[in-house]
Amino acid sequence: MAELTARLGRDVLPLLLLVAAIPAPANAAAPSQAEALLAWKASLQDDAAALSGSNGFNGSIPPEFGDLSGLVELRLYNNNLASAFPHQLSRLPKIVHFDLGSNYLTDPDYGKFSPMPTVTFMSLYHNPLNSSFPEFILKSGNITYLDLSQNTLFGPLPDSLPEKLPNLRYLNLSANGFSGRIPPSFGKLTKLEDLRIAANKLVSGVLEFLGSMTQLRNLELGENRLGGPIPPVLGWLQLLQRLDIKSAELVSSLRPELGNLINLSFLDLSMNQLYGSLPPEVARMKAMREFSISSNNLTGEIPPALFTSWPELISFQVQNNTITGKIPPELAKARKLNIMYLFGNNLIGSIPAELGELENLEQMDLLSNLLIGRILNSIGNLKQLTRLKLFFNLLTGKIPPEIGNMTALQILDVNINRLEGELPATISALRNLQFLDVFDNNMGGTIPPNLGNCLALQVVRFTNNSFSGELSRNLCDGFTLKALSVNHNKLTGQLPRLPVEPAEPTVHGPIPQRLLR
């Protein structure tokens, strides 16, 4: 044991053992082991994090750890441990919590592993394990929490898993290379509350047996090649809080039965081939906080009832569809909204003045629609907004001076519209502004001489307008400007030298008259 103690001192591995939890051993040899371990623990600083798991330790795990017969919890997660983890660990007779996650551990000889019947928590996530499903895990029948995610495990999901591990409540096999279908036997995991098998190579659709897993709170199947429709039986999972089937090649309408998921707070069905309109029944999902159906083929209008029924909504993403109609003024009822992405649709009409009531909004992207009318003064109320993208619409009128109230704004992009008038002088108050794009409009007048007060400016594009007068030499006062585009205007004076070397060649000196024609 002295050799083990010396090795522990040299490698400073965290036994994450919660040494204090080791009971007094019954056999004669065990006391010296426990005493040596406790002596090593006492040698550490009182405030050291060495018993918390994440310490940056490296080297291999000593096989002698398998001799610590009183060990209950082994937590070596989030370190730099490498090599195969020793099969001797499977001999620990009292181990309950077994966590080797987030290291650089490789596959051992699994054939030498013994069953671990006392383990209830098993985590090997985020290691470069590269094998089929480890057989010794299937022989450890009392596991309730199993995380093998973010490895390169391959082959079929074991059909016998529900029979071998009937007490599972949490199962995470995401980000591996598992292939084939999801075994129908998984429907027998009736205690399972959290199923995550996203980002694999699974096929054969979202299967009907999922409807029998009524204890599920979290279901993540996305980033597979499942295909097929959304089965109506998903509406039976009334305890479900999170449903993620993004990028799974689904070909389906949005089932009205999804409205039965009254506890659902997160829904991501983006990047599939969904069609049809948003059924009004989804408004019954009153706990909804994050809703994404982006990058599909959805049509029809946005039901106004969504925003009067979802008071906790913080993210609404329906971009890159073919949704029509107007932006519902009722959107303003979602007062907690942070992110609103409606871009890449066929929305018509004007931007509702009521959107100025969304005081918590941080990102608003309405680009590439058919919106008309003015940018309303009420937009200046959005003082938390960092990103305002309105480009590629049919907007007219002026940029309102209230834009200067949006002090958090980092991106203002209104290019390719029909805007006119001058750039408001108040824009110089936007000290956080990084990107200013107004090209391809009908704007004119002089450029505010204090625009250089926007000290964070990186990209400024005024191209294809009718700006006139002398270009301010103070434009580069912030020393962050990387790109400046002013061609096809009526500007005079000197082009300022960019303080940051651009990725592509640029010019400075007098503005060539041929660029102004």
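It should be emphasised that the depicted structure is a prediction, and the values quoted were computed from it without experimental measurement.

Conventions adopted
- Residues numbered from 1 in each chain as written.
- Predicted model: local features only at pLDDT ≥ 70, side-chain atom pairs only at ≥ 80, totals over all residues.
- Heavy atoms only, no water.
- Buried < 20%, exposed > 50% of the residue type's maximum accessible area, 1.4 Å probe, protein only.
- Phe/Tyr/Trp six-rings, centres within 6.5 Å; stacked < 30°, edge-to-face > 60°.
- Helix = DSSP H or I, 4+ residues; strand = E, 2+ residues; numbered from the N terminus.
- Pairing = 2+ DSSP bridges.
- pLDDT = per-residue confidence, 0-100.
- Contact = heavy atoms within 4.5 Å.

Asker: Would you explain unusual backbone geometry in this entry?
Answerer: Notably, S247 is not glycine yet its phi reads approximately 50°, a positive angle. For S247, a relative accessible area of 28% puts it in the partly exposed group. Here N320, not a glycine, exhibits a phi torsion of approximately 60°, which is positive. Classification of N320 as partly exposed rests on a relative accessible area of 36%.

Asker: How do you make sense of the packing of aromatic side chains when you look at a structure like this?
Answerer: Aromatic ring pairs: the centre-centre distance and the angle between the two ring planes describe each pair. Tallied over the entire structure, the rule returns 13 aromatic pairs. Note on Y110 and F113: the rings are 6.0 Å apart at their centroids and 50° apart in plane angle, and the pair reads as tilted. For the pair F291 and W310, a centre-to-centre distance of 5.1 Å together with 50° between the ring planes defines the contact as tilted. Placement of the pair is F291 in strand β18 (residues 290–292) and W310 in the loop between α5 (305–309) and β20 (315–317), with a sequence separation of 19 residues. For F291, a relative accessible area of 1% puts it in the buried group.

Asker: What is the right way to look at the sheet that holds strand β3 (residues 80–84) in this model?
Answerer: Strand pairing in a sheet takes place through backbone hydrogen bonds and is either antiparallel or parallel in direction. The 3 strands lie next to each other as β1-β3-β5, forming an open sheet whose pairing is parallel. Among the strands making up the open sheet, the edge pair consists of β1 (58–59) and β5 (104–106). Across 3 bridges, the pairing between β3 and β5 is parallel. By the bridge assignment, A84 is partnered in β5 with T106.

Asker: Where do I start with the confidence of the model for the chain in this structure?
Answerer: Counting all residues, the mean pLDDT for the chain is 87, and 85% of those residues have values of 70 or more. Within the model, the stretch residues 1–52 combines pLDDT values under 50 with 81 contacts to residues more than four positions away or in other chains.

Asker: In this structure, what is going on with the pairing of β3? I would like to understand it.
Answerer: Residues in a regular strand project their side chains so that they alternate between the two faces of the sheet. Here β1 pairs with β3 via 2 bridges, running parallel. Across the sheet, G59 pairs through a bridge with L81, a residue of β3.

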